[in-house]
Structure formats: structure tokens, C-alpha cells
Amino acid sequence: MNSSVMQVSEQSEDMRHPDKGLGFELLSFFFLLMPFAITNGIVVAKAAALPLYGGKIVLFVLPISFLLFQLWKKSLVLKLVTAMLAVLAGAEAHVAYQFGGISGSSLFSILTTSDGSESFNYLIERSQAVALWLLLCAVSTMLAMHFSRRSHYRPGGFPILCLLCVAGYGWYIGAMSASAYLKEANANRFPTVSEDAREKLFGVGHLHPLLSTVKDTFPYGVPLRLWMFLQEEKFMHGMEQELSQFRFGAVATGPASASTQETYVLVLGETARFDRWTVNGYDRDTSPNLLKARQNGELVSMRDMITPRTFTMGSIPIYLSGRDIMREGATQKSLISAFREAGFKTYFLSTQVKKSFLNNVTTMFAAEADVQQYFESDESLGLFYDDALLAPFKNILQEKSLKKLIVLHTMGSHAIYTARYPKTFEKFPVSIDGKAVAAGEQLDDIQAASNAFDNSIRFTDHVLGEIMRALTALEGNAAMIYGSDHGETLPTKLCKFIGHGVVNEENLRVPYFVWANQAYRQVHAGKWQNLLKNEDKATMTSSNFATVLDMAGISFASFPAEHSLVREYQVKSTRMVMDMQNDELDFNTARKKDDTCGMLQARE
């Protein structure tokens, strides 16, 4: 009875003092929005144009949120959904902070095609941040519910004001400058399967301005971005069906006779930085085998090659098909099919996880090979090292087929770095009993990560050394081509970011090596000399497609000879790269942002 009297008394008090009820109402709304405000604030700071984004927040997102808040107060289901979205807001904040963008198709593809252990260990590595975010969500939700119970405010004219704000956004869209609108429309293309799909990103079309309003906000934009991702998946499946009947019409036109043994090995590296190899000028002994091969005149190292994409599923298809980065789908099969058409037996061996097809063009290209073998490594535990490929590789060399293409897809230097090499290859000290130490002195985490990464590069050099030695023992022509899919940002005192997916020089500049045995260099002396002449030229990984085929003397009607590095290569005026949000910039003219991680942006 006393509690009922007190409740009535509080209601009467709030009615006499409406400002007090409004205060509780606003406090409840504030705490409910806190996780979402933090997330969208990080997006504004890291990835958005503030005036454009601010207009969306003030004129659209906040009014809609206040209207939904009125429903939230009365619905248990909506309370549970909001709490779950608040937790997910932490993931969106992490993406914006680390990668300078919002979640989108590239991230969704990675999440849906990564094995569970990789995702789990990624969370474990960031357990403190996860725990803090969960605590923030719990506290903000409880406070929102507490003040909501104390508020007996009746919105009155507020809903009408909110609706007027939303209507006013139509005026805002019209008042935007043409350049700002076109920039936003260009960033919000959506995929459709259409007749001109080959010429445009995923097809044709742009989001309606009202849809683009919420696309890059959280949580309202997530369903829209998921829809766009599913459209891309639909497009990819369409490409797979379309390519089923594709033929290059490739033939071998080189000087080698039908009885000449020819072996070409393409090693697809992972997360290897250009500047961490001794052969590329690094002051640490990380690549003794490649350095010796270069000193013996057997190896060419391209000094200025960049990748257009800084994540595996975007970059490996470029290596294999030479496609334009604006064509996310596959408009032709890979070089594996061209080799098959020219009479080669083809093999694809991998220590990477055989992921589902969801937007995984690499898996689709791998299926073109006559023989596929996967030695699936746990992304974090390193159950298989890359040398697991050596025994089956050497067995393939003993097979009777005279002409072979062998593609090896490695784990290389993918985090966790210490999982990429056996303990015997720990030349640079990393840890003892979980503590980073060197010669009895403690290392900081920055140096430990750098040492572990260098150890992984040294182990990759060992694997490449074994491949070169095995090919040297063969008769006939033999060559090995190695290229990393992308680089890696390692932590420094000024930049704590570690990983890839961002657009900076450490991620974009990649190592690319071509090795050939003596027989090949003698028979194809002109091609080898052209490689040496092109060594210092500005190139891109899209050249790999034409280069590998040209090395084997394989051609077809539409062969892109201008991209081959074994010809007189003409440097292109632009080198376009693309970030996780599919925004393009020219690497040749880009400038570094005013931050400590070397992120690039288009020069204004």
C-alpha cells in the first residue's frame, strides 16, 4: 500500500513538474543510445564526411530513434533486440576504428567464409576490449531502463517535431551540392545481374538518396548493407554459371617442343611485406635462399609492385585472372584453365582453409585444376606449416606428365605469426613460457611481434628454397613465381594497429619474385632480359596473369600482352587501388593522411 501511494505521489510530482519528467526521458534516451552514439561517432571521426553525416544524424537518425524509443519503453521484445544490437555496435566500432570504414560486403564475405576458430581466436585476442564493451552495454541499458521507469513524460508534440525533421531531410537532400551528392551516390552502388554487368561494379544502379541516408549508420544501415552483400552473392553465383562454358582458346606457341619437359610453379604468398626480405634490402637475415639465388643470377625481384586489394579474397583472384579491380566478379576463368587448354596438367595445393563458395572466387578458380589438395591449417594454431606442401609437391614432380602447372596457396605470414613456423625457425627471439624475452631481457610486444613476423618470412624463404632446389634437379624448363596477396601493418610506438585490410604502403606494396633454372634462362634469354629490365618499374599484381602465361609461351586471341613483364613493359600512368568500402584512389598520386599509420587518401 505504501509503495502504491509513493508511486502515485511520484506521478503527481512529475505532472506538477513536467521538466523533471522530460529530464528522466532524455536521460533514458541518452543512455539507451550511448553504445550507438560511440559507434557512429567513431565512424564520423574515421570514415565519414562530417557535414554530410551530421545532417543524416540530426535530421533523420535521431528523430527516427526517438520515435522507436517510445515503442522501446513498452515492448520487451524491442528491449532485447536493442540490447543485442548494442553489443554488435562494438564490432562496428572496431571496424571503423581499425579499418577506417564501415562493415560492408568485403567484411561480410570474410566473416562468412572464415572458419570458426579464426573468429573465436580473434575475439580472444581482444578479450579485454570485448569485456569492457559488454560492461558498457550492460550499464547503459540498465540506466536507460531505470530512468525510463522514473519518467512519466508524455511526448506531446515531440513526435510531430520528429516527423517534421524527417520530412525536412528531403529538403536537405535537395540542398546538398551536386558534387557531394554524386560522391555519395557513387559510393553506394548496388549489384544487379544485367547485360552490362561486365562493365560496371556488380552490375548497374545506385541506392536511392533516402536509402543512402542510412546505409553507413548503425544499426539502421546494417540490413541494407546485408541486402547489398546478398546481391553480390547472387551475382557471384551467376558468374560461376556463366563461366562454366568459358574457353580462352589458349595454345602453346613457344619454342619448346612437345617432348620438352616444362614445369611452372606459382606460389601464392600470404601477408608478406616487401620490406622484410633480405633480398629486398632488409638488414636482417630473413631470406638467405632467395638472396643466394639472386646473387647467382637466377632470381628477379620486382622492386615496385603493388596489389590493388589488401585482403585475400580481393587480391588472389587478381593474381589468377588479371581482372580489373572494378570487376569484383570473374569475367573469365583463371590462368589455370588457360594452362589446361594448352596441354598442361594442373595442380592446386593449399594450406589455407577450404572455405565455402560464398564470394570466394579463389575456391572457384582452384576447382579448375585437374588435381586439388588441401592441407587445412588452423588459422591460429598452425596445425600444418607450409612445408606440408613440399612432399606432395615433390611427388607431383615425379609424375609422368611432361608439362605441369603447380599452384601452391600458402599461409605465409598470416597472424598469428608464431603459428606460421616451427620452433626451430625462431631465429629472432619471441617468447619463453608466454613472456617476450631476448637474451634474458624482456622484449616489448612491438618487438616481439616484429620478430615473429620476420621468423615467418624466413620460414617462407626456406619453403621457396626447397622448391627451387627440387626444380633445379629437373630436366627441361622450370620456373617459380612467388607473389604475396598483400602486406601487413606491424605495430609501432606511434601506430598500434596490426593486421591488413587498410590502404597504406605496408599493405599495398608486395614482394614478387621470379626464379628460373638455367635451361629456361638459356631457351628464353630474351624474356629473362626483359624481366631484368622491368625489375624497377612500377607494376601491379594484375600483371601476374599475363606474365606467367607468357613465360610458358601460352597465348590466345585476347591475350593482354601489354601486362606481361617478360616483354618490353610500358609503365601505366595510374595504379588504382581500392579500400574495403570499394572507394578507389590512385596509388601514384595518393598522399598520406595526417595520422601515424600511413593511411592513404586521394590527393585533392
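Heads up: the structure comes first, above all this text.
So, here is what we can say about the structure in this document.

Rules used in this analysis
In this convention, every chain numbers its residues from 1, walking through the sequence in written order. Given that the model is predicted, a residue must reach a pLDDT of at least 70 before its local features are reported, and side-chain atom pairs must reach 80 or more before they are shown or counted; all residues, however, enter totals for whole chains, interfaces and linings. As a rule here, side-chain values cover all heavy atoms of the structure and leave hydrogens and water aside. Comment: elements are numbered from the N terminus, with helices defined as DSSP H or I runs of at least four residues and strands as E runs of at least two. Only protein chains enter the accessibility calculation, which uses a 1.4 Å probe; a residue is then buried when its area is under 20% of its type maximum, exposed when over 50%, and partly exposed in between. A contact between two residues is defined here by any heavy atoms of the two lying within 4.5 Å. Per-residue and other accessible areas were derived by the Shrake-Rupley procedure at a 1.4 Å probe size, with only the shown protein chains allowed to occlude residues. Strands are labelled as partners when DSSP assigns at least two bridges between them. Convention adopted: a line fitted to C-alpha atoms gives each axis, helices being fitted over their contacting stretch, and angles between N-to-C directions are expressed from 0 to 180 degrees. Throughout, disulfides are identified as pairs of cysteine sulfur atoms within 2.5 Å of each other. Roughly parallel covers angles under 35 degrees, roughly antiparallel covers those over 145, roughly perpendicular covers 65 to 115, and oblique covers all other angles. In this scheme the handedness of a crossing depends on how the near helix is turned from the far one: anticlockwise by less than a right angle means left-handed, clockwise means right-handed.

1. Considering the overall build of the chain
Part 1: Tallying secondary structure elements over the chain gives 21 helices and 17 strands in all.
Part 2: Looking at the chain as a whole, 54% of its 604 residues qualify as buried.
Part 3: The contacts in the chain between residues at least 6 apart in sequence include a share of 76% that link residues at least 24 apart.
Part 4: As displayed, the chain offers around 27,000 Å² of accessible surface, 60% of which is attributable to carbon and sulfur atoms.

2. Details of the sheet that holds strand β10 (residues 477-484)
Strands pair in a sheet through their backbones, by hydrogen bonds, and they do so in one of two ways: parallel or antiparallel.
Part 1: Reading across the sheet, the 7 strands line up as β3-β11-β10-β2-β7-β5-β6 and stay open at both edges, with mixed pairing between neighbours. Strands with a single pairing partner mark the edges of an open sheet, and in this sheet they are β3 (299-301) and β6 (371-374). When strand polarity is set aside, the average angle formed by the axes of neighbouring strands in this sheet is 10 degrees.
Part 2: Sheet topology places β10 next to strand β11 (residues 512-516); 5 bridges connect them, and they run antiparallel.

3. Here's the deal with helix α13 (residues 312-321)
Within an α-helix, residues lying three or four positions from one another point in the same direction, as the helix has 3.6 residues per turn.
Part 1: In terms of burial, α13 is largely enclosed, as 10 of its 10 residues are buried.
Part 2: Among all positions in α13, only T312, M313, G314, S315, I316, P317, I318, Y319, L320 and S321 are buried.
Part 3: Directly beyond the C-terminal end of α13, a positive phi value near 70 degrees is found at G322.

4. As for the state of the cysteines
Part 1: Scanning all chains against the criterion turns up 1 disulfide.
Part 2: Each sulfur in the disulfide pair C495 and C597 lies 1.9 Å from the other. Measuring handedness by torsion sign, the sulfur bridge of C495 and C597 sits at about 105 degrees and is right-handed. In this pair, C495 sits in the loop between β10 and α18 (505-508) while C597 sits in the loop between β16 (591-592) and β17 (600-601), placing the two residues 102 residues apart along the sequence. Considered together, C495 and C597 belong to a single accessibility category, that of buried residues.

5. So, helix α21 (residues 543-551)
Part 1: Counting buried positions along α21 yields 9 of 9 residues, so the element is predominantly enclosed.
Part 2: Turning to α21, its buried residues are S543, N544, F545, A546, T547, V548, L549, D550 and M551.
Part 3: In the stretch just after α21, G553 is the one whose phi turns positive, near 70 degrees.

6. A word on the pairing of strand β2 (residues 262-269)
Part 1: Counting buried residues in β2 gives 8 out of 8 residues, a clear majority hidden from the surface.
Part 2: In this sheet, strand β7 (residues 403-409) lies alongside β2 in parallel orientation, the contact comprising 7 bridges. Note that in β7 the partner of V267 across the bridge is L408.
Part 3: Examined bridge by bridge, β2 and β10 share 8 bridges and lie parallel to one another.

7. Re the packing of helix α16 (residues 390-397) against helix α17 (residues 445-472)
Part 1: At their nearest, the axes of α16 and α17 sit 11 Å apart, and the two run at 15 degrees to each other. As judged from the angle between their axes, α16 and α17 are roughly parallel. The two elements α16 and α17 cross, and the hand of that crossing is right-handed. Contacts from L390, F393, K394 and L397 of α16 reach α17 at V463, E466, I467, A470 and L471.

8. Considerations on the environment of L136
Part 1: When you line up the elements, L136 lands in helix α7 (residues 127-150).
Part 2: Note: C-alpha distance between L136 and G90 (46 residues apart in sequence) is 9.8 Å.
Part 3: Excluding residues that lie within four positions of it along the chain, L136 makes contacts with M34 and I38.

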